[in-house]
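# Structural description and commentary
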Amino acid sequence: MLMGVLIKNTNVESVKGKNIGELLKDDVCLLIVDDTASTIYIWVGQKANVKDRFIISRLAHGINSKMFGMAAKVSQNANDIQEKFNEKIFDDDLPSDLVFEIIG
């Protein structure tokens, strides 16, 4: 199952049911969690602000700890993310209570 969260201008936005390829923009940060493959993907747009980059990094670390016991693979390779997820759709959002517990 693919879950995720989008961070833009320090706002957490829903991704449920959205095409991942359409969300991979220069001004956002996107966390993609593939719980079947135990992998976390981090998309950081080139024009994303520093605070969004910090939030997404902290969130990825917290999700890895809480969901996978620090055993998940973490990938930030933009080309791999575009190839793998361009046509895929998010199944669900990351649970909001977990997201806000991690990022405060």
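Reference entry: report on the structure contained in this document. (Residues numbered from 1 in each chain as written. Predicted model: local features only at pLDDT ≥ 70, side-chain atom pairs only at ≥ 80, totals over all residues. Heavy atoms only, no water.)

This part is about the packing of aromatic side chains. Within the structure shown, the criterion is met by one aromatic pair. Summarising the aromatic geometry, the rings of Tyr41 and Phe85 are spaced 4.8 Å apart at their centres and angled 75° between planes, so their arrangement reads as edge-to-face. With a gap of 44 residues between them, Tyr41 in strand S4 (residues 39–44) and Phe85 in helix H3 (residues 78–85) connect regions that are remote in the sequence. Summarising the burial analysis for this pair, Tyr41 and Phe85 share the class buried. (Phe/Tyr/Trp six-rings, centres within 6.5 Å; stacked < 30°, edge-to-face > 60°. Helix = DSSP H or I, 4+ residues; strand = E, 2+ residues; numbered from the N terminus. Buried < 20%, exposed > 50% of the residue type's maximum accessible area, 1.4 Å probe, protein only.)

Looking now at the side chain of Asn64. Following the sequence through the fold, Asn64 ends up in helix H2 (residues 50–68). Those residues in contact with Asn64 that sit more than four places away from it in its chain are Ile40, Gly69, Met70, Ala71, Ala72 and Val74. (Contact = heavy atoms within 4.5 Å.)

A separate point is the pattern of salt bridges. Scanning all chains against the criterion turns up two salt bridges. For the salt bridge of Asp27 with Lys8, the shortest nitrogen-to-oxygen distance reads 3.1 Å. Remark: Lys8 occurs in strand S1 (residues 2–8) and Asp27 occurs in the loop between helix H1 (20–23) and strand S3 (29–34); sequence separation between them is 19 residues. Exposure remark for Asp27: the relative accessible area of 30% places this residue in the partly exposed category. For Lys8, a relative accessible area of 28% corresponds to the partly exposed category. The partner of Glu101 in a salt bridge is Lys66, and the shortest N-O contact between them spans 2.9 Å. (Salt bridge = Lys/Arg side-chain N within 4 Å of Asp/Glu carboxyl O.)

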